[in-house]
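Remarks on the overall topology
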Amino acid sequence: MASLHRRPLFVVSALAVPLLTLAAPGLLRIGGVPPSWAVLWLLPWALADGPLSGALAGLALGLLLDSLHLGGATQMPALALLGWWWGRLPRRGPPIERSFSLGLLAMLGSTLLGLSVLLQRQAGAGWAVLLTAANLYTLLAQVLVTALLAPMICSLLLLLWRRHSASARG
Amino acid sequence: MPFGRLSRVPWLRPVVGAWPWALVAAVLVAVRLSKGALLSDAYALLSRPFWPGSAQKEWLQAAQQLDQQTRLGQLELDNRRLRRLLDLQRASPGKVTAPVISREPGDWWHQLVLGAGGLQGIRAGDSVIAPGGLIGRVASVTPSTARVALLTDSASKVGVWVGRTQRHGLLTGVGSSRPVLRFLEKDPQVRPGDVVVTSPASTLVPPGLSVGVIQSVDDKAVPATLAVVQLSAPVASVDWVQVLTRQGPAAAGS
């Protein structure tokens, strides 16, 4: 199963995440809030390539994205954790390709990612600031648009990558 | 020919002969019934050359504008001279015009990426202005790009001044499109509509740049009054910005 990372083209496709994050005007925004492109790329990658590769890809994406953003807040731990968790999923449960589960996983993932950034950025300001309308709005909008896009984008990527790893195996 | 036959009836002859006048009367009735539509239009058409032209207004406006511009230039000169006397601002800032190549005004980070950087003389900490006023400060610089922390970013803090009541405050981003102005005292006597400019005592940003307008005031906030500020520069739609570099052109040359 873990053969995706041997294909340079698939690895390079991760560069689409920082490019889409930087793109101006931004794509597919809800109320000015873009989807979490890192989650949308990492979910199919981890599902198709296993926990170790998923965690490493999460770390690498976190490094890339942290270099693009202001301040010291980091997305690396959350992304690595998500990659590891999503990589373990297909070994245990029923098949995961259903759109609903992809949307649900992306929703949980972007919630975790958003909360980790929010806590780091507002840690010094106290609970009152943490729960302001602006923060909740950004969190909700990002979770919504990511979960809406996940069944479409992730299922296509997952199909492509599963097919490749199946052909590489058999 | 019925008309010819009618004209041969003796008592009807004057009536039939007066048909042009009947036509005129009919036209007059039509004009009356239409409340003077044709008449007013004809009058407007005829009197067009004698209307008060737009020329006078334009002359007046041009004169007013010229007057204001001269006064503004004079005041700026005065201001600079006085500041130099007070030793507040050593070098007048240089300006670097830069395109906005990436814009994230709605994510967790409110930031812009500019297409000009260290090679153009931009340093971290420089102020960035757009048409309308200050929008943020440069947070980090690469040789050809610069990352700008917008005033709306939740890590941004800039000292500002309400000119009407001469009160200082701290403009803090909260992650929404409208930053919050925290005053230093309990009763700053500001009201919605007051103009906010950068603080004349600030060392981070040049003094007197317009920032925005106070939109609402919360008097009951603790520990001091809060106000919500609407930025005067349209951050979400700005394409080109100017970076006020700290080392002015004169200082760089010498």
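Heads up: these notes are all about the structure in this document. Everything numeric here is computed off the predicted structure, so don't read it as measured data.

Some points on the overall build of chain A
- Counting its secondary structure elements, chain A contains 8 helices and 0 strands.
- Walking chain A from its N terminus toward its C terminus, one meets helices and strands in the order α-α-α-α-α-α-α-α.
- Going through the 170 residues of chain A one by one, you find that 48% of them count as buried.
- Counted over contacts in chain A with a minimum sequence separation of 6, partners at least 24 positions apart contribute 75%.
- By element, 74% of the accessible surface of chain A is carried by carbon and sulfur atoms, the whole surface being about 8,300 Å².

A closer look at the pairing of strand β12 (residues 240-245) of chain B
Residue and element names in this part refer to chain B.
- Where strand β1 (residues 94-104) and β12 come together, 6 bridges link them in antiparallel fashion. By the bridge assignment for β12, Lys95 is matched with Leu244.
- For strand β3 (residues 127-130) and β12, the ladder comprises 3 bridges, and the chain directions are antiparallel. Paired with Ser127 across the strands is Leu244, a residue of β12.

Quick look at the interface of chain A and chain B
- Taken together, the contact pairs 22 residues of chain A with 22 residues of chain B.
- Here chain A and chain B share an interface that buries about 1,900 Å² over both sides, 55% of which is from carbon and sulfur atoms.
- Considering only the side of chain A, the residues that lose the most area to chain B are His69(A), Leu70(A) and Arg121(A), jointly responsible for 33% of the buried surface there.
- Across the chain A-chain B interface, the total number found is 7 residue pairs in polar contact (both at pLDDT 80 or more).
- Residues that form the side of chain A that touches chain B fall into these classes: 10 nonpolar, 10 polar and 2 charged.

Regarding the sheet that holds strand β10 (residues 210-218) of chain B
- Strands sit in the order β6-β7-β8-β11-β10-β9 (chain B) around a closed barrel of 6 strands; the barrel is antiparallel. Looking at each pair of strands side by side, their axes are set apart by 40° on average, direction ignored.

Conventions adopted
Residues numbered from 1 in each chain as written. Chains lettered and ligands numbered in written order. Predicted model: local features only at pLDDT ≥ 70, side-chain atom pairs only at ≥ 80, totals over all residues. Heavy atoms only, no water. Helix = DSSP H or I, 4+ residues; strand = E, 2+ residues; numbered from the N terminus. Buried < 20%, exposed > 50% of the residue type's maximum accessible area, 1.4 Å probe, protein only. Contact = heavy atoms within 4.5 Å. Areas by Shrake-Rupley, 256 points an atom, 1.4 Å probe, with all protein chains shown as cover. Pairing = 2+ DSSP bridges. Buried area = accessible area lost by both parts, 1.4 Å probe. Polar contact = N/O pair within 3.5 Å; in protein donor to acceptor, adjacent residues only side chain to side chain. Nonpolar A, V, L, I, M, F, W, Y, C, P; charged D, E, K, R; others polar. Axes fitted to C-alpha atoms, helices over the stretch in contact; angles between N-to-C directions.

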